[in-house]
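These are the residues of each chain, in order.
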Amino acid sequence: MREYIETNLTVIRKYLKKRKRSTSKLNNISIMEEFKEWNKDPLPESESIWTLPDLTRNERLKNFCRSIKKEIR
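Scoring rules and cut-offs
Residues numbered from 1 in each chain as written. Predicted model: local features only at pLDDT ≥ 70, side-chain atom pairs only at ≥ 80, totals over all residues. Heavy atoms only, no water. Helix = DSSP H or I, 4+ residues; strand = E, 2+ residues; numbered from the N terminus. Buried < 20%, exposed > 50% of the residue type's maximum accessible area, 1.4 Å probe, protein only. Contact = heavy atoms within 4.5 Å. Polar contact = N/O pair within 3.5 Å; in protein donor to acceptor, adjacent residues only side chain to side chain. Salt bridge = Lys/Arg side-chain N within 4 Å of Asp/Glu carboxyl O. Patch = residues over 30% accessible without salt bridge, like charges linked within 9 Å, V, L, I, M, F, W, Y side chains within 5 Å. Areas by Shrake-Rupley, 256 points an atom, 1.4 Å probe, with all protein chains shown as cover. Lys, Arg positive; Asp, Glu negative; His and termini not counted. Charge placed at Lys NZ, Arg CZ, Asp CG, Glu CD.

Visitor: Explanation requested: the overall build of the protein chain in the structure shown.
Guide: When helices and strands are counted, the protein chain shows three helices and zero strands. Scanning the protein chain from its N terminus toward the C terminus, one meets helices and strands in the order α-α-α. Across the 73 residues that make up the protein chain, the buried fraction comes to 12%. Nonlocal contacts in the protein chain, meaning residues at least 24 apart in sequence, comprise 50% of its contacts between residues at least 6 apart.

Written as structure tokens, this is what we have:
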């Protein structure tokens, strides 16, 4: 899982670098504030990684609710 997250963070960092070149200074500050936790280097090995499941599809939501034994109406 950690390798997958590292790959995603690399993509995010590249995007931020490119985005910073095409926006104003004020917008750069806002963008960097928004993504500052993602832009940290490197991801500490001792830190736990929590990911949220993709619940956009109804069957995934039902499966998730079943796994935590909770019904959502």
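From this point, things continue past the structure.
Visitor: Is there a simple way to think about the environment of Lys-17 in this case?
Guide: If you trace the backbone, Lys-17 turns up in helix α1 (residues 2–21). On a C-alpha basis, the gap between Lys-17 and Met-32 in space is 10.0 Å, while along the polypeptide they are 15 residues apart.

Visitor: I tried to follow the side chain of Thr-23 on my own but got confused; where do I start?
Guide: Here Thr-23 lies in the loop between α1 and α2 (25–34). Separated by 3.3 Å, the side chain of Thr-23 and the backbone oxygen of Arg-19 make a polar contact. Among the polar contacts listed, one links the side chain of Thr-23 to the side chain of Asn-28, at a separation of 2.3 Å.

Visitor: Mind showing me how you'd approach the pattern of salt bridges here?
Guide: Any two side chains of opposite charge can pair if their charged atoms end up close together. The final tally for this structure, using the stated rule, is one salt bridge. A salt bridge links Arg-57 to Glu-59; the nearest nitrogen and oxygen atoms lie 2.7 Å apart. The partly exposed category is assigned to Glu-59, whose relative accessible area is 45%.

Visitor: How should I be thinking about a positive patch on the surface in this particular structure?
Guide: A grouping of Lys-17, Lys-18, Lys-20 and Arg-21 is seen on the molecular surface, where their side chains present a positively charged patch. Relative to the helices and strands, Lys-20 is located in helix α1. Taking relative accessible area as the criterion, Lys-20 reaches 38% and is therefore assigned partly exposed.

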